[in-house]
Amino acid sequence: QVQLVESGGGLVQPGGSLRLSCAASGEIFTINTMSWYRQAPGQERELVASMPNRGRTEYADSVQGRFFISRDRVKNTGYLQMTSLRPEDTAVYYCNLNMRRSPWTELYDYWGQGTQVTVSS
């Protein structure tokens, strides 16, 4: 019943910027952590950024200072602002919510379908 839909990916030149969105719908009670992952062809999925409901955000060393994660609680939408993009940032980006659907359920990971980001001149 919980669905995450990513958008905002596309083709961008090196040094450019993109903002990815992750719209959540369905039954959501409490979000523990919102995260963004990415996976390049032939490589393992890696954690890019995470934002706990409370606490400091964390970023992978490779994107530190260039990417910024945020969340709009009213719109139930998460964002990943990406700047100074590099070819090595090319990957499918996935949003992830570690959350509870109700006070009676345990924490569970929900994933979006992914959005392609291609950085190339």
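Everything discussed here concerns the structure shown above.
These remarks concern the structure in this document. Because the structure is predicted, anything quoted here is derived from the model rather than measured. Residue positions within a chain follow its written sequence, with the count starting from 1. Restriction of local features to residues with pLDDT of at least 70 applies here, the model being predicted, together with a cutoff of 80 or more for giving and counting side-chain atom pairs; totals for whole chains, interfaces and linings are based on all residues. Derived side-chain values reflect all non-hydrogen atoms in the structure, with water molecules and hydrogen atoms excluded from consideration.

**Regarding the packing of aromatic side chains**
For Phe, Tyr and Trp, rings pair up if their centres lie within 6.5 Å, where Trp contributes its six-membered ring, and each pair is then called stacked (planes under 30 degrees apart), edge-to-face (over 60) or tilted (otherwise). Within the structure shown, the criterion is met by two aromatic pairs. On the basis of an interplanar angle of 55 degrees and a centroid distance of 4.9 Å, the ring pair of Tyr37 and Trp111 is categorised as tilted. Note that Tyr37 is positioned in strand 4 (residues 30-39) and Trp111 in strand 10 (residues 108-111), a separation of 74 residues in sequence. Residue class for Trp111 comes out partly exposed when judged on its relative accessible area of 35%. Charge over a ring is defined by NZ of Lys or CZ of Arg lying within 6 Å of the ring centre and within 35 degrees of the ring normal. Taking the ring centre of Tyr94 as reference, the NZ or CZ of Arg45 above it sits at 3.8 Å. Residue placement shows Arg45 over the ring face of Trp111; its charged tip is 4.9 Å from the ring centre. In this text, helices come from DSSP runs of H or I with a minimum length of four residues, and strands from runs of E with a minimum of two, each type numbered from the N-terminal end. Residue exposure (1.4 Å probe, protein chains only): buried if accessible area is under 20% of the type maximum, exposed if over 50%, otherwise partly exposed.

**Examining the side chain of Thr33**
Topologically, Thr33 is positioned in strand 4. Residue classification places Thr33 among the buried residues on the basis of a relative accessible area of 17%. In protein, a polar contact requires one atom able to donate a hydrogen and another able to accept it; more generally it is a pair of N or O atoms within 3.5 Å, and residues adjacent in sequence count only if both atoms are side-chain atoms. There is a polar contact of 3.4 Å between the side chain of Thr33 and the side chain of Asn32. By definition in these notes, contact holds between two residues if any of their heavy atoms fall within 4.5 Å. The residues contacting Thr33, other than those within four sequence positions of it, are Ser50, Met51, Pro52, Asn96, Leu97 and Asn98.

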